[in-house]
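Residues per chain are reported as follows:
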Amino acid sequence: MISSTAGTRDLRDLPEAEALRRLASVPLGRIVFTRQALPAVRPVNHIVVDGQVIIRSDLGTILSAEVAPAGAVVAFEADELDAAERLGWSVIITGMARLVTDPREIERFKARLSPWVAGTMDQVIRIRPEIVTGFELVPA
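Residues numbered from 1 in each chain as written. Predicted model: local features only at pLDDT ≥ 70, side-chain atom pairs only at ≥ 80, totals over all residues. Heavy atoms only, no water.

K.L.:
How do you make sense of the pattern of salt bridges when you look at a structure like this?
P.N.:
Side chains that differ in charge, positive against negative, can pair when their charged atoms come close. Overall, the coordinates contain 10 salt bridges when judged by the stated rule. For arginine 30, the salt bridge identified is with aspartate 79, shortest N-O distance 2.8 Å. Of this pair, arginine 30 sits in strand β2 (residues 28-35) while aspartate 79 sits in strand β6 (residues 72-82), and the two are 49 residues apart along the sequence. A residue is classified by how much of its surface remains accessible, and aspartate 79, at 26% relative accessible area, is partly exposed. (Salt bridge = Lys/Arg side-chain N within 4 Å of Asp/Glu carboxyl O. Helix = DSSP H or I, 4+ residues; strand = E, 2+ residues; numbered from the N terminus. Buried < 20%, exposed > 50% of the residue type's maximum accessible area, 1.4 Å probe, protein only.)

Spelled out as C-alpha cells, the structure:
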C-alpha cells in the first residue's frame, strides 16, 4: 500500500561515479539483450569491477547463445526502490557484452561471483559501459 504521507518526488540525475557505486551496492540486476530481433530481459546476479559489470552464464543458456558468442550491445539495469515511500534509485548502463577469455580473469571473477542458480556457470561475461544513466527519487 502506498503511504498517504509520501508526497511528490523530484527526479535527480546521478553522476556516473555515483551511479556505478549504487549499481555495485546491489547483488541483482537485469540484462536486456536482443533475441530474434526483439528485446529480451533476464535477471542475473552481478558484481561491478573497475566500472564494468560482470555476470556468469552457462553453455546452452539464452545468454550463452545470444550475448556471449561474438559480443552484443546490451543494457543492464538495477535499482533499489521503496514503493511505500516513493523513494529510491535506478541505474541503467548500455554497452558491449563480451566473454572474458583470460584464464586468470575468469578465475578471479568466478571466485568473487557465486551464481544464484544451479549449474556450472563456466562462462564469465563482461559488460563495458558506454552510456551510464542513473537517477534518484528524492522528496520534492
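K.L.:
Just checking my understanding: could you explain the layout of surface pockets for this structure?
P.N.:
Regions of empty space are outlined by a rolling probe, equal in size to a water molecule, passed over the atoms. Taken as a whole, the largest pocket holds about 250 Å³ of empty space. Taken together, 15 residues make up the lining of the largest pocket; nearest its centre are Pro43, Val44, Arg56, Val117 and Met121. For the lining of the largest pocket, the elements supplying multiple residues, two or more each, are β3 (38-45), β5 (52-57) and α2 (62-66). Of all the elements, β3 adds the most residues to the lining of the largest pocket, at four residues. Residue classes in the lining of the largest pocket are distributed as nine nonpolar, three polar and three charged. (1 Å grid on protein atoms, 1.4 Å probe; cavity = no way out; pocket = protein on both sides within 12 Å on 5 of 7 lines; lining within 4 Å. Points joined across faces, edges and corners; volume = space filled by probe spheres on them. Nonpolar A, V, L, I, M, F, W, Y, C, P; charged D, E, K, R; others polar.)

K.L.:
How should I be thinking about unusual backbone geometry in this particular structure?
P.N.:
What you tend to see is this: most non-glycine residues have negative phi, and most peptide bonds are trans. Backbone geometry places alanine 37, a non-glycine residue, at a positive phi of 65 degrees. Locating alanine 37 in the fold gives a position in the loop between β2 and β3. Positive phi is not limited to glycine here, since arginine 86 has a value of about 60 degrees. Turning to its location among the elements, arginine 86 is positioned in the loop between β6 and β7 (87-99). Taking the relative accessible area as the measure of exposure, arginine 86 reaches 36% and is therefore partly exposed.

K.L.:
In this structure, what is going on with the nonpolar core? I would like to understand it.
P.N.:
Most often, soluble globular proteins keep nonpolar side chains buried together rather than apart. Of all hydrophobic cores here, the largest spans 26 residues; its most connected members are Leu23, Ile31 and Phe76. Excluding residues that lie within four positions of it along the chain, phenylalanine 76 makes contacts with Leu23, Gly29, Arg30, Ile31, Val44, His46, Val53, Ile55, Val91, Ile92, Ile93 and Ile127. Ile47, Phe109, Leu113 and Val124 belong to the second-largest nonpolar core, a separate cluster that totals eight residues. (Core = buried A, V, L, I, M, F, W, Y, C linked by side-chain atoms within 4.5 Å. Contact = heavy atoms within 4.5 Å.)

K.L.:
Sorry if this is basic, but what is going on with the side chain of aspartate 58 here?
P.N.:
For aspartate 58, the position within the fold is in the loop between β5 and α2. One buried charge, aspartate 58, has no salt-bridge partner; the nearest side chain with opposite charge is arginine 56, at 8.3 Å. A polar contact of 2.9 Å, which involves the side chain of aspartate 58, links it to the side chain of threonine 120. Those residues in contact with aspartate 58 that sit more than four places away from it in its chain are Ser64, Gly119, Thr120, Met121, Asp122 and Gln123. (Lys, Arg positive; Asp, Glu negative; His and termini not counted. Polar contact = N/O pair within 3.5 Å; in protein donor to acceptor, adjacent residues only side chain to side chain.)

K.L.:
Just checking my understanding: could you explain the side chain of arginine 126 for this structure?
P.N.:
Here arginine 126 lies in strand β8 (residues 123-139). There is a polar contact of 2.8 Å between the side chain of arginine 126 and the side chain of glutamate 105.

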